[in-house]
Structures are given as C-alpha cells and as structure tokens.
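Read off the chains here:
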Amino acid sequence: MDTEKAIKNYGKYYRIALKKAGLDDIDGKIDAFEKRLRGMYASENYRKHNIYPTTNTTYIYAVMAMCIEVKSFGYTDKETIELVNRGF
C-alpha cells in the first residue's frame, strides 16, 4: 500500500474519532498524527515489520500512531482505546 495514501486514509478515521470525542483543534491534531505516522512509515522498524504478507503493518502502525497521539492529550489507556475505536 502506498504510505501517503494510507496516511490520508487513516487520517479520515482519526478525524472521525476526534469529532466524536468533541475535541478542538482537529486540524492541528490531524497534522500532528500525519507527521508522526509519516515518520513511523519511514523508519527502519517499519521496513523490518512490513515483510510479512499476512500482517497489515500499515494499519497497525496507523493505530499505534493514533494511540500515541491520544495519550499525549492526557487520556488513560481505556479512554485512548475507546476514542480510537470510535473512528473505525
């Protein structure tokens, strides 16, 4: 999967989750998510993990990036999972 396309696609899901949570500055939060995810996709770890054909590494990294971003808002683990799940 093209990573730039994936970033935009998963950004849409993240936007849905942020809107459902009633958060402000959604555009800024989307920008931060996209920047983080772009860096994660460019990492050596992503290349190492993305060799297994039965694992959707692109999706897994997107969810990880969402969780990291939401945790930075001060959410608990449970709140983070619930918020991210709302986007999917």
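Values in this document were obtained by computation on a predicted structure and should not be read as measured data. (Residues numbered from 1 in each chain as written. Predicted model: local features only at pLDDT ≥ 70, side-chain atom pairs only at ≥ 80, totals over all residues. Heavy atoms only, no water.)

Draft legend 1. Highlighting the overall build of the protein chain. The helix and strand tally for the protein chain stands at five helices and zero strands. Sequence-ordered secondary structure for the protein chain, helices as α and strands as β, is α-α-α-α-α. Against the globule reference of 12 Å for 88 residues, the protein chain gives a C-alpha radius of gyration of 13 Å, in line with a compact fold. Residue pairs in contact within the protein chain that sit at least 24 positions apart in sequence constitute 59% of those at least 6 positions apart. The positive charge centre, built from 15 side chains, and the negative charge centre, built from 12, are 3 Å apart in the protein chain. (Helix = DSSP H or I, 4+ residues; strand = E, 2+ residues; numbered from the N terminus. Rg over C-alpha atoms; globule rule 2.2 N^0.38 Å. Contact = heavy atoms within 4.5 Å. Lys, Arg positive; Asp, Glu negative; His and termini not counted. Charge placed at Lys NZ, Arg CZ, Asp CG, Glu CD.)

Draft legend 2. Examining the pattern of salt bridges more closely. All told, the structure shown has eight salt bridges when counted by the stated rule. Residue Asp 24 pairs with Lys 29 through a salt bridge whose shortest N-O separation is 3.8 Å. Taking relative accessible area as the criterion, Lys 29 reaches 14% and is therefore assigned buried. Between Lys 71 and Asp 77 there is a salt bridge whose closest N-O contact spans 2.6 Å. Exposure remark for Lys 71: the relative accessible area of 36% places this residue in the partly exposed category. (Salt bridge = Lys/Arg side-chain N within 4 Å of Asp/Glu carboxyl O. Buried < 20%, exposed > 50% of the residue type's maximum accessible area, 1.4 Å probe, protein only.)

Draft legend 3. Just the nonpolar core, in detail. Ranked by internal contacts, the top residues of the largest apolar core, which has 21 residues, are Tyr 10, Tyr 14, Phe 33, Leu 37 and Tyr 41. Mapped by element, the contributors of at least two residues to this core are α1 (3-21), α2 (26-41), α4 (57-71) and α5 (77-86). Filtering out sequence-adjacent residues up to four positions away, Tyr 41 remains in contact with Thr 3, Ala 6, Ile 7, Tyr 10, Tyr 46, Thr 58, Tyr 61 and Ala 62. (Core = buried A, V, L, I, M, F, W, Y, C linked by side-chain atoms within 4.5 Å.)

Draft legend 4. Inspection of α2 at higher detail. Helix length check: α2 (16 residues) gives 22 Å between terminal C-alpha atoms against 22 Å at 1.5 Å per residue, within 8%. Those residues of α2 not exposed but buried are Ile 26, Lys 29, Ile 30, Phe 33, Glu 34, Leu 37, Met 40 and Tyr 41. End-on, the buried residues of α2 take up no more than an arc of 135°, which puts them together on one face. Set apart from the buried face of α2 by more than 90 degrees, the exposed residues are Asp 31 and Lys 35. Along its buried surface, α2 packs onto α1, α3 (44-49) and α4. (Expected span 1.5 Å × (residues − 1). Arc of directions from axis to C-beta.)

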